[in-house]
Amino acid sequence: MQSGHIFACVISGRPLTTAFKQKSNNRFVLDVPRPSTVSEFSISMLKPLPKSCGATIYFCLPPYKDWQYLGAITVDHPSQIYNAPWRGTIPDSTEGVQIGISIEKAEFIKNLQPRSQLEEKKKLISSVQGIAKDLYNYLQSFAKTTRMGEMLVLPPKFLDKWLKKIETKHKKDPYFWLKTTS
């Protein structure tokens, strides 16, 4: 669309970058290394776009197929700070994420909706419920029938053992708790 740097990204503790790669006439991608260390980032427009256009901001996790809309910047609002939506959902070993920008008509942008806070809250509640269910199932393995009825007989350091077990599961599959059955 234009020559030169159109967009910049600032991540706390890192230098400002304009290293967006132009993928097509209106699409740009920035590779973000060490994404687990990013809590928020800012996208700024360095050159104004036509009034009838804006820039939509997306992010994508490996294998870089599912782009999720975050918001938009326009000539009237040329920069925006975003919380890193991947924070806490990816392993520390994740090598990178991508931030994408697409220049679109203002009418198109008005119809887009970023993931709502309600959806994020539901995802967090689901995570907590899945982990709590895993702990419940682990505790059930210590149930013993005694003359006083069924009781939990817990060995010392049972919680340490469970934490190690859940860390191992998480390393193999960060979303293991979504796949557990009743």
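Our subject in this report is the structure included herewith. (Residues numbered from 1 in each chain as written. Predicted model: local features only at pLDDT ≥ 70, side-chain atom pairs only at ≥ 80, totals over all residues. Heavy atoms only, no water.)

**Some thoughts on the nonpolar core**
Phe7, Phe41 and Ile43 are the most contacted members of the largest nonpolar core, which has 27 residues in total. The set of elements that each furnish at least two residues to this core consists of strand S1 (7-11), strand S3 (27-33), strand S4 (40-45), strand S5 (53-60), strand S6 (68-74) and strand S8 (96-105). Beyond its immediate chain neighbours, meaning those up to four positions away, isoleucine 43 contacts Ala8, Cys9, Phe20, Ile57, Ile73, Pro78, Ser79, Gln80, Tyr82, Ile99 and Ile101. Judged by nonpolar contacts, the second largest core, of 6 residues, contains Tyr138, Phe142, Ile166 and Trp177. (Core = buried A, V, L, I, M, F, W, Y, C linked by side-chain atoms within 4.5 Å. Buried < 20%, exposed > 50% of the residue type's maximum accessible area, 1.4 Å probe, protein only. Helix = DSSP H or I, 4+ residues; strand = E, 2+ residues; numbered from the N terminus. Contact = heavy atoms within 4.5 Å.)

**Observations concerning the side chain of arginine 14**
If you trace the backbone, arginine 14 turns up in the loop between S1 and strand S2 (21-24). The buried charged residue arginine 14 lacks any salt bridge partner; its closest oppositely charged side chain belongs to aspartate 31, at an N-O distance of 11 Å. A distance of 2.8 Å separates a polar atom in the side chain of arginine 14 from the backbone oxygen of proline 33. Not counting chain neighbours up to four residues away, the residues in contact with arginine 14 comprise Val32, Pro33, Arg34, Thr37 and Val38. (Lys, Arg positive; Asp, Glu negative; His and termini not counted. Salt bridge = Lys/Arg side-chain N within 4 Å of Asp/Glu carboxyl O. Polar contact = N/O pair within 3.5 Å; in protein donor to acceptor, adjacent residues only side chain to side chain.)

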